[in-house]
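Now for the letters of each chain:
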Amino acid sequence: MALAFDEYGRPFIIIKEQGQKARLRGLEAQKANISAGKAVARILRTSLGPKGMDKMLQSPDGDVIVTNDGATILEQMDVDNQIGKLMVELSRSQDYEIGDGTTGVVVLAGALLEQAEKLLERGIHPIRIAEGYEMASRLAVDHLEHISQKFEFSVTNIEPLVQTCMTTLSSKIVNRCKRALAEIAVKAVLAVADLERKDVNLELIKVEGKVGGKLEDTELIYGIVVDKDMSHPQMPKRIEEAKIAILTCPFEPPKPKTKHKIDIDTVEKFQTLREQEQKYFDDMVQKCKDVGATLVICQWGFDDEANHLLMHRNLPAVRWVGGVELELIAIATGGRIVPRFQDLTDEKLGKAGLVREKSFGTTKDRMLYIEHCANSRAVTIFIRGGNKMMIDETKRSLHDALCVARNLIRSNSIVYGGGSAELSCSIAVEAAADKYPGVEQYAIRSFAEALDFIPMALAENCGLPPIDTVTAVKSQQIKENNPYCGIDCNDVGTNNMMEQNVFETLIGKQQQILLATQVVKMILKIDDVITPSAY
Amino acid sequence: MTVERLLKDEATEEKGDRARMASFVGAMAIADLVKTTLGPKGMDKILQSTGRGHNVTVTNDGATILKSLHIDNPAAKVLIAPDISKVQDDEVGDGTTSVVVLAGELLREAEKLVNKKIHPMTIIAGYRLAAECARNALLQKAKDNKQDPDKFKSDLMKIAMTTLSSKILSQDKEQFAKLAVDAVLRLNGSTNLESIHIIKKAGGSLKDSFLDEGFILDKKIGIGQPKHIENAKILVANTAMDTDKVKIYGARVRVDSMAKVAEIEGAEKEKMREKVQKIIAHGVNCFVNRQLIYNFPEELFADAGILAIEHADFEGIERLALVTGGEIASTFDNPESVKLGHCKLIEEIMIGEDKLIHFSGVEMGQACTIVLRGASSHVLDEAERSLHDALCVLSQTVNDSRVLLGGGWPEMVMAKEVDDLARKTPGKKSHAVEAFSHALQAIPTIIADNAGLDSAELISQLRAEHHNDTTNAGIDIISGGVGDMEKLGISESFKVKQGVLLSATEAAEMILRVDEIITCAPRKRENRM
């Protein structure tokens, strides 16, 4: 009750409008929160692993998305519950940090919550559970470090990287041509990677999609692809050794920002104004031509007259190019973005070996390829696919693959996948639990049990008997002292993940465990939920 | 303990079998909807739009039907307009109905398997295997006659006739097939169908349609201007010929007496006269503008004996520039460097009641115009769609000249190969592979059903025939039996068939993989009443 009494024994109300608020307290609040968290995890559970299923999501506007990516599912789900939103955040932060394993992290958090519920029923205080989890997570992360392996690759030997990306892609719908896509992803990342600083700026990789063709037609372009065409249909479609003027000012008469009026009251004025106007266009075009540009890329539109003048002077131009693309073009070609015609100079021009227009299909669909750029550090992955959904899903999958490749370049430690790392941690945590006195021991043991959930979900999704499989693999790990045994999802015949070449990045896994533990701790600490009750 | 609501009000969530059921049912409903339009004896649909006027469209074209449907079922949406069939239409131009029907059949078979407790992932694995095998079978059987121009042309004719036979044009398919083949061959291998211009004019009958080698612009010649120009020099322009506004921002006219108004008006007129003079100085005798031409300049042009055509739409301009080889001009200061377009003859022609401008003897031989005649606008629209399909298929075939026989022959060939594969495949996958073969056989079954034939009898006969590897047997709709497709001259493009196969498998896979449907609460429309 939110009633308090002052020193004279008179009641006063702490929370305003008592009757309109719903309130949950104590154990009840925790249980309600846990069940909400579990519900979110349950939705994602079936999407885990190479045989995971997709979800079909219909947005408020009626668009349909089919996806397998945890972060996307949660984002689109329009979750209303506060705890549910926390889980969405959790998946999103994994997406930002690592970019992969967004499903796994939510499933793990759900498992931890489920175990916590059991402990709560035994009367263990939530804070003690949270502390136990914290210790256990530290143990698990250390153990991961212990079983991780260094992973050797170089620019010439990209095979190991490709293998890793293939693991990521194998759970997506694109796994039909995972090999090709993985190679594209790795090559793209290597093209923009700064190997000395061990860093990769993923913004230099542009992922562009166009409906049509086959998934197999997806290609990596060392350059930029812009979904635009030349402003005049008769401009040349192919320019070699292009010098590009990148402009953010329109080919239009100037529009001073201050309010002004030009009054025309005599015939002379009318004529001078007209001549002025023509000269203006002429000057603009001439300026571009004078500095030696052979291609103009402009953020704004052109006047008809300017357009013709450009074409007349044999100066191809592209108009209405978006700001982001403009920046990318500037980076790639080494040019500067010029805001005024007056500022245009020779050294501000970008350079590209080849600019060409390519058309697709039977309809009028053209795109502009800018290749062989001065700075080859910007690449584009151009996705083709049967339909928009397929392309969107491919984009998301490729994003995951790119992130994985980037993480490997940042730090080249790996752990083996297929649930083997989780099982191995579970064994280690369980063994360590006995050393801790007090209630935490129970929490640590529960943590170990929760870790078993991931391989269990994997096995279930693959249609294997979950408990049978997981216990068998676990005992095998202990018996052979081999932390690389996992679930054989693809029916290859061996469950040694080292032989199957299934691995994940160490930081990805560590981050999963840490993030999941943090969120669970936060949820456990809540003991009072106040919501405005329904009308 | 209270069960917490996770999603917003009105949002719905369907899980597991229920979700699968909902998506299967939705997708199959769509397939059943377009099923009856398949094949030469397929029926048409009437579509009534919800917009003002309740326009009616009568069509047999799968893409058009699907585009007009308003569908709520998310799985069905995967199959319709913006996606699978649209792509087929854009890229290949034909086979849209087949994609949807095949995907529907694949899902129908998949549903049976799911009911037998086979995991959807296993089914997908089997389907993929089968699709690959079917594609290989097609690859092997495809014929390529590119080397032999005569044979290639006859192949094109056959394909065009096969495509058209299911459409409204089937009565005159020979004529239209010839039209389409001629038009496509003029393109010299480019797939840019924009150079083929289709003009629809109501009146006459479909038989009166013809292909014109030149270019026809659906515009009138200005009054008092020459109606017949030989060796025309054409300036194609995009410029304002009404009042040429001052474009500098903020400029306005402010005068204090009527006399001044007259002066400025005079200056304006003078400016226009100058512009016209400049244009005339190009030495042209035909001027085509995208924008309006006002009476005053028109009169000036008439005086100079120049044919001025106003308000040609954007496409018309681009096409005309392409055809005549001129450039689209907007400034006229240096006449010597502007490239003019040329053609041998410009004349006004009459089609039915309408006057059109005909440019013949153009430089670029690529473009041509097809004039369609027909009893009503519905007939014409449908004829255009059919012709478009045929043109798309043909232009793709010119690039990828592999040809297959039609009449259900490719499906039976694939089905046989896939069946063989099923026998060799161990494991649960083989059920899925077998199901794929059933789904393939469903297509000739539907064609036969639509023609009112005894499908069960026909298909079993076909299957027996196809046991022999070199058979050409397919369904002969006309005689209602099994016939030799080679002799009957029924062919289809390899590319279309392959597109159908791959898109349908992809769509089916996408729907099969779903085990949960979450529908968000629809965005509320604000009620402003």
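Every value quoted in this text rests on a predicted model; they were computed, and no experiment measured them. By convention here, each chain's residues receive numbers from 1 onward along its written sequence. To read the labels, note that chains go from A and ligands from 1, taken in the order they are written. Local features in a predicted model are, by the rule used here, given only for residues with pLDDT of at least 70; side-chain atom pairs are given and counted only at 80 or more, and totals for whole chains, interfaces and linings are based on all residues. Heavy atoms throughout the structure, all of them, feed into the side-chain values; hydrogens and water do not.

1. Points about the overall build of chain B
Turning to step 1, where the next piece is worked out: In terms of regular secondary structure, chain B is built from 17 helices and 20 strands.
Turning to step 2, where the next piece is worked out: Areas reported as accessible are Shrake-Rupley estimates using a 1.4 Å probe. Residue values count occlusion only from the protein chains shown. For chain B, the exposed area adds up to about 23,000 Å²; of that, 50% sits on carbon and sulfur atoms. Secondary structure counts use DSSP, requiring at least four H or I residues in a row for a helix and at least two E residues in a row for a strand, with both numbered from the N terminus.

2. Some thoughts on the overall build of chain A
Turning to step 1, where the next piece is worked out: Per the secondary structure count, chain A includes 17 helices and 22 strands.
Turning to step 2, where the next piece is worked out: Across its three principal axes, chain A shows a C-alpha extent of roughly 95 × 75 × 40 Å.
Turning to step 3, where the next piece is worked out: Exposed residues in this analysis have more than 50% of their type's maximum accessible area, buried residues have under 20%, and partly exposed residues fall in between, with area computed by a 1.4 Å probe over protein chains only. Sorting the 535 residues of chain A into buried and exposed places 57% on the buried side.
Turning to step 4, where the next piece is worked out: Taking as baseline every contact in chain A between residues at least 6 positions apart, the subset at least 24 positions apart corresponds to 73%. Contacts: residue pairs with any heavy atoms within 4.5 Å of one another.

3. Some points on a nonpolar patch on the surface
Turning to step 1, where the next piece is worked out: Two joining distances apply to patches: 9 Å for like charges and 5 Å for nonpolar side chains (Val, Leu, Ile, Met, Phe, Trp, Tyr), and every residue must have over 30% relative accessible area and no salt bridge. Definition used for salt bridges: Asp or Glu carboxyl oxygen within 4 Å of a side-chain nitrogen of Lys or Arg. A cluster of nonpolar side chains, B:Val253, B:Val255, B:Met258 and B:Val261, forms an exposed patch at the surface whose accessible area comes to about 350 Å².
Turning to step 2, where the next piece is worked out: Mapped onto the fold, B:Val253 is located in strand β9 (residues 251-253).

4. Quick look at the packing of aromatic side chains
Turning to step 1, where the next piece is worked out: Here the aromatic set is Phe, Tyr and Trp, taking the six-membered ring for Trp, and pairing holds for ring centres within 6.5 Å; pairs whose planes are under 30 degrees apart are stacked, those over 60 apart are edge-to-face, and all others are tilted. What the rule picks out here adds up to five aromatic pairs over all chains.
Turning to step 2, where the next piece is worked out: Judged by centre distance (5.7 Å) and plane angle (65°), the rings of A:Tyr133 and A:Phe447 are edge-to-face. Placement of the pair is A:Tyr133 in helix α5 (residues 126-147) and A:Phe447 in helix α13 (residues 440-451), with a sequence separation of 314 residues.
Turning to step 3, where the next piece is worked out: Ring geometry for B:Tyr127 and B:Phe436: centres 5.5 Å apart, planes at 70°, overall edge-to-face. Taken together, the residues B:Tyr127 in helix α6 (residues 120-141) and B:Phe436 in helix α14 (residues 429-450) connect sequence positions 309 residues apart.
Turning to step 4, where the next piece is worked out: Counting as a charge over the ring demands two things of the Lys NZ or Arg CZ atom: a distance within 6 Å of the ring centre and an angle within 35 degrees of the ring normal. Seen from the ring of A:Tyr369, A:Arg356 lies directly overhead, with NZ or CZ sitting 4.6 Å from the centre.
Turning to step 5, where the next piece is worked out: In this arrangement the basic side chain of A:Arg445 is found over the ring face of A:Tyr442, its NZ or CZ atom lying 6.0 Å from the centre.

5. Describing empty space enclosed by the protein
All names here are of chain B.
Turning to step 1, where the next piece is worked out: Put plainly, a pocket is an open set of points on a 1 Å grid over the protein atoms alone with protein on both sides within 12 Å along at least five of seven lines, a cavity is a set where a 1.4 Å probe fits but cannot get out, and a lining residue has an atom within 4 Å of a point. Grid points are joined across faces, edges and corners, and a volume is the space filled by probe spheres set on the points. Under the definition given, this model contains two cavities of 30 Å³ or more.
Turning to step 2, where the next piece is worked out: The volume enclosed by the second largest cavity comes to roughly 80 Å³.
Turning to step 3, where the next piece is worked out: For the second largest cavity, the full set of lining residues is Lys 141, Trp 409, Val 413, Lys 416, Glu 417, His 466, Asn 468, Asp 469 and Thr 471.
Turning to step 4, where the next piece is worked out: The element contributing the most residues to the lining of the second largest cavity is helix α13 (residues 409-424), with four residues.

6. A few points about the nonpolar core
Turning to step 1, where the next piece is worked out: Joining through side-chain atoms within 4.5 Å is the link that ties buried Ala, Val, Leu, Ile, Met, Phe, Trp, Tyr and Cys residues into a set, and such a set is a nonpolar core. Core analysis: the biggest nonpolar cluster contains 156 residues, and A:Ile205, A:Ile381, B:Ile123, B:Tyr127 and B:Phe436 have the highest contact counts within it.
Turning to step 2, where the next piece is worked out: Not counting residues within four places of it along the chain, the set of residues in contact with A:Ile205 comprises A:Ala188, A:Val189, A:Val192, A:Val379, A:Ile381 and A:Leu402.
Turning to step 3, where the next piece is worked out: Formed by 67 residues, the second largest nonpolar core is a distinct cluster that contains A:Met87, A:Leu119, A:Val520 and B:Ile518.

7. Some points on the pairing of strand β20 (residues 514-519) of chain B
Turning to step 1, where the next piece is worked out: In terms of burial, β20(B) is a largely internal element, six of the six residues being buried.
Turning to step 2, where the next piece is worked out: Sheet analysis places strand β4 (residues 54-58) of chain A next to β20(B), joined by five bridges and oriented parallel. When the bridges of β20(B) are listed, A:Met56 appears paired with B:Ile517.
Turning to step 3, where the next piece is worked out: Any two strands are treated as partners once DSSP identifies two or more bridges connecting them. Strand direction decides the pairing type here: strand β1 (residues 12-15) of chain B and β20(B), joined by four bridges, are antiparallel.

8. Points about the pattern of salt bridges
Residue and element names in this part refer to chain A.
Turning to step 1, where the next piece is worked out: Going through the model one piece at a time under the given rule, you end up with 39 salt bridges over all chains.
Turning to step 2, where the next piece is worked out: Here Lys 279 makes a salt bridge to Asp 283, at a shortest N to O gap of 3.3 Å. On the criterion of helical spacing, the pair formed by Lys 279 and Asp 283 is a turn pair, its members being four residues apart in helix α8 (residues 267-290).
Turning to step 3, where the next piece is worked out: Look at Asp 283 and you get partly exposed, because its relative accessible area is 40%.

9. Some points on the packing of helix α5 (residues 96-115) of chain B against α14(B)
All names here are of chain B.
Turning to step 1, where the next piece is worked out: In contact at an axis separation of 9 Å, α5 and α14 are set at 140° when each is read in the N-to-C sense. Comparing their axes, α14 and α5 come out oblique. For the pair α5 and α14, the sense of crossing is right-handed. Facing Ser 98, Val 101, Leu 102, Glu 105, Leu 106, Glu 109 and Leu 113 of α5, the residues of α14 in contact are His 431, Ala 432, Ala 435, Phe 436, His 438, Ala 439, Leu 440, Ala 442, Ile 443 and Ile 446. Every axis in this analysis is a line fitted to C-alpha atoms, fitted for helices over the stretch in contact. Angles between the N-to-C directions lie between 0 and 180 degrees. For classification, angles of less than 35 degrees are called roughly parallel, those exceeding 145 degrees roughly antiparallel, those between 65 and 115 degrees roughly perpendicular, and all remaining angles oblique. With the far helix as reference, a near helix turned anticlockwise by less than a right angle produces a left-handed crossing, and one turned clockwise produces a right-handed crossing.

10. Observations regarding the side chain of A:Asn33
Turning to step 1, where the next piece is worked out: Positionally, A:Asn33 belongs in helix α1 (residues 26-45).
Turning to step 2, where the next piece is worked out: Setting aside its immediate chain neighbours within four residues, A:Asn33 contacts A:Ile83, A:Ile523, A:Ile526 and A:Val529.

11. Considerations on the sheet that holds strand β19 (residues 379-385) of chain A
Residues and elements named next belong to chain A.
Turning to step 1, where the next piece is worked out: Reading across from one edge, β9-β19-β10 is the order of the three strands in this open sheet, with mixed pairing throughout. Two strands lie at the open edges of the sheet, namely β9 (205-211) and β10 (219-221), each paired on one side alone. Each strand axis lies, on average, 25° off the axis of its neighbour in the sheet, ignoring direction.
Turning to step 2, where the next piece is worked out: Summarising the sheet, β9 and β19 pair through seven bridges and their orientation is parallel. The residue bridging Lys 210 from the neighbouring strand is Arg 384, located in β19.
Turning to step 3, where the next piece is worked out: Each of β9 and β19 touches helix α11 (residues 388-410); the most contacted strand, β9, lies at about 160° to it.

12. Here we look at the sheet that holds strand β5 (residues 64-67) of chain A
Turning to step 1, where the next piece is worked out: Within the open sheet, the four strands sit side by side as β5(A)-β4(A)-β20(B)-β1(B). Their pairing is mixed. Single-partner strands in this sheet number two, and they are β5 of chain A together with β1 of chain B. Between one strand axis and the next, the sheet turns by 15° as a mean value, whatever way the strands run.
Turning to step 2, where the next piece is worked out: In this structure, β4(A) lies alongside β5(A), joined through four bridges in antiparallel fashion. Along β5(A), the bridge assignment pairs A:Gln58 with A:Val64.
Turning to step 3, where the next piece is worked out: Contacts from helix α2 (residues 70-77) of chain A reach β4 and β5 of chain A together with β20 of chain B, with the element oriented near 25° to β4(A).

13. Digging into the side chain of B:Arg373
Residues and elements named next belong to chain B.
Turning to step 1, where the next piece is worked out: Tracing the backbone through its elements, the reader meets Arg 373 in strand β15 (residues 368-374).
Turning to step 2, where the next piece is worked out: Assessed through its relative accessible area of 10%, Arg 373 is described here as buried.
Turning to step 3, where the next piece is worked out: A 3.5 Å cut-off defines polar contacts: any pair of N or O atoms within that distance qualifies, except that in protein one atom must be a possible hydrogen donor and the other a possible acceptor, and neighbouring residues in sequence count only when both atoms are side-chain atoms. In this structure the side chain of Arg 373 is engaged in a polar contact, spanning 3.1 Å, whose partner is the backbone oxygen of Lys 201.
Turning to step 4, where the next piece is worked out: Residues in contact with Arg 373, not counting those within four places in the same chain, are Lys 201, Ala 202, Gly 203, Gly 204, Ser 205, Leu 206, Asp 208, Ser 209, Ile 351, Gly 352 and Leu 380.

14. Observations regarding the state of the cysteines
A covalent bond between the sulfur atoms of two cysteines is what we call a disulfide.
All names here are of chain A.
Turning to step 1, where the next piece is worked out: In this description, the term disulfide denotes a pair of cysteine sulfurs within 2.5 Å. As enumerated under the stated definition, the model contains zero disulfides over all chains in all.
Turning to step 2, where the next piece is worked out: In this structure Cys 288 is a free cysteine whose sulfur lies 7.7 Å from that of Cys 249, the closest cysteine sulfur available.
Turning to step 3, where the next piece is worked out: Residue classification places Cys 288 among the buried residues on the basis of a relative accessible area of 0%.

15. Topic: the environment of A:Ala32
Residue and element names in this part refer to chain A.
Turning to step 1, where the next piece is worked out: Within the fold, Ala 32 resides in helix α1.
Turning to step 2, where the next piece is worked out: The class of Ala 32 is buried, set by a relative accessible area of 2%.
Turning to step 3, where the next piece is worked out: Spatially, the C-alpha atom of Ala 32 lies 9.3 Å from that of Ile 83, the residues being 51 residues apart in sequence.

16. Some thoughts on the environment of A:Asp142
Turning to step 1, where the next piece is worked out: Mapped onto the elements of the fold, A:Asp142 is located in helix α5.
Turning to step 2, where the next piece is worked out: Sequence separation of A:Asp142 and A:Cys425 is 283 residues, and the distance between their C-alpha atoms is 9.1 Å.

17. Considering unusual backbone geometry
Turning to step 1, where the next piece is worked out: Positive phi, close to 50°, is recorded for A:Asn481, a residue that is not glycine.
Turning to step 2, where the next piece is worked out: Tracing the sequence through the fold places A:Asn481 in the loop between α15 (466-480) and α16 (497-500).
Turning to step 3, where the next piece is worked out: Overall, the relative accessible area of 68% leaves A:Asn481 in the exposed class.
Turning to step 4, where the next piece is worked out: If you check the backbone angles, B:Lys117 has positive phi at about 70° while not being a glycine.
Turning to step 5, where the next piece is worked out: Mapped onto the secondary structure, B:Lys117 falls in the loop between α5 and α6.

18. Structural notes on the confidence of the model for chain B
Turning to step 1, where the next piece is worked out: Residue-level confidence of the predictor is what pLDDT reports, using numbers from 0 through 100. In this model, chain B carries an average pLDDT of 78, and 86% of its residues clear a pLDDT of 70 or more.
Turning to step 2, where the next piece is worked out: As scored by the predictor, the complex reaches a pTM of 0.77 and an ipTM of 0.71.

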